[in-house]
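Each chain, written out:
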Amino acid sequence: MECVNNYVWCIILSHQTDELHVRKIREGTVIDHIPAGRALEVLKILNITGQEGKPVSLVMNVPSKKMGKKDIVKLEERELSIEEIDKISLIAPNASINIIRNYDVYRKENVRLPRILKNVLLCANRSCITNSEREPVKSTFYVERETPLRLRCYYCQRLMEEQDLLRQL
């Protein structure tokens, strides 16, 4: 058993079964079914640097019956806002969010990419009215395609794809 700072994370590797176990959290959020290799991007979306002092567990590229491989993020003492879930949906549209209370799943929600995203991203067009400090206009995007992701700005019609939003993380 390996525990770092006794609360940052605790990983138990069973040598008999070669299974990896991450300890349960008492209160917080578990983000499951993140596409393999995307957990670090989820942490960037949530502005988690590791300096917050709250326990965070991160498991990457673990076997999944549904996905082949997946990532999992556990955030102790934190629940996500609607805006944060909308941002996560951009890179992990099939993720599930589990709210944990007293070690039990209190609520489980499947992430859904909304058809319209408001105030979640910046338009890649620097001339777009939403990027003007003088105009109190919030960005709005329509989801034109989920896979591969393609968004269209409501105001300037600029198309944005996954690489455009990854630059904003």
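Check the entry above for the structure.
These notes cover the structure that comes with them. (Residues numbered from 1 in each chain as written. Predicted model: local features only at pLDDT ≥ 70, side-chain atom pairs only at ≥ 80, totals over all residues. Heavy atoms only, no water.)

**Some thoughts on the sheet that holds strand E7 (residues 96–101)**
Then comes step 1: In spatial order, the strands read E5-E6-E4-E7-E8; together these 5 strands make up an open sheet with antiparallel pairing. Single-partner strands in this sheet number two, and they are strand E5 (56–64) and strand E8 (104–110). Strand after strand, the sheet turns through a mean of 20° between neighbouring axes, direction not considered.
Then comes step 2: The sheet contact formed by strand E4 (residues 28–35) and E7 spans 5 bridges and is antiparallel. Bridging across to E7, Asp-32 finds its partner in Ser-96. (Pairing = 2+ DSSP bridges. Helix = DSSP H or I, 4+ residues; strand = E, 2+ residues; numbered from the N terminus. Axes fitted to C-alpha atoms, helices over the stretch in contact; angles between N-to-C directions.)

**Here's the deal with the sheet that holds strand E11 (residues 150–153)**
Then comes step 1: Across the sheet, which stays open at both edges, the 4 strands sit in the order E9-E10-E11-E12 with antiparallel pairing between neighbours. For this open sheet the edge positions go to strand E9 (116–118) and strand E12 (159–161), each flanked by a neighbour on one side alone. Each strand of the sheet is rotated relative to its neighbour by a mean of 30°, with strand direction disregarded.
Then comes step 2: Bridging between E9 and strand E10 (residues 140–145) involves 3 bridges; their strand directions are antiparallel. Across the sheet, Lys-118 pairs through a bridge with Thr-140, a residue of E10.

**Quick look at the packing of aromatic side chains**
Then comes step 1: Taken as a whole, this structure holds 2 aromatic pairs when the rule is applied.
Then comes step 2: Here the aromatic rings of Tyr-142 and Tyr-154 are separated by 5.7 Å at their centres, their planes lie at 65°, and the arrangement is edge-to-face. Of this pair, Tyr-142 sits in strand E10 while Tyr-154 sits in the loop between E11 and E12, placing them 12 residues apart in sequence.
Then comes step 3: Here Tyr-154 and Tyr-155 contribute two aromatic rings whose centre-to-centre distance is 4.9 Å and whose plane-to-plane angle is 90°, an arrangement assigned as edge-to-face.
Then comes step 4: When its relative accessible area of 38% is taken as the criterion, Tyr-155 is described as partly exposed.
Then comes step 5: In textbook terms, an aromatic cluster arises when at least three aromatic residues are bridged by ring pairs, as seen for Tyr-142, Tyr-154 and Tyr-155.
Then comes step 6: Above the plane of the ring of Tyr-106 lies Arg-101, whose end atom (NZ or CZ) is 4.1 Å from the centre. (Phe/Tyr/Trp six-rings, centres within 6.5 Å; stacked < 30°, edge-to-face > 60°. Buried < 20%, exposed > 50% of the residue type's maximum accessible area, 1.4 Å probe, protein only. Lys NZ or Arg CZ within 6 Å of the ring centre and 35° of its normal.)

**Describing the pairing of E4**
Then comes step 1: In terms of burial, E4 is a largely internal element, 7 of the 8 residues being buried.
Then comes step 2: Where E4 and strand E6 (residues 68–76) come together, 6 bridges link them in antiparallel fashion. The residue of E6 that forms the bridge with Thr-29 is Leu-75.

**With respect to the nonpolar core**
Then comes step 1: By size, the foremost hydrophobic cluster in this structure holds 34 residues, and its most contacted members are Ile-31, Leu-46, Leu-90 and Leu-151.
Then comes step 2: Elements with a minimum of two residues in this core: E4, helix H1 (39–45), E6, helix H2 (82–91), E7, E10 and E11.
Then comes step 3: Look past the residues within four positions of Leu-90 in its chain and what remains in contact with it is Leu-113, Leu-117, Val-120, Leu-121, Leu-149, Leu-151 and Leu-165.
Then comes step 4: Ranked by size, the runner-up nonpolar core spans 6 residues in total, among them Ile-25, Val-59, Val-62 and Ile-72. (Core = buried A, V, L, I, M, F, W, Y, C linked by side-chain atoms within 4.5 Å. Contact = heavy atoms within 4.5 Å.)

The analysis is restricted to geometry; functional conclusions fall outside its scope.
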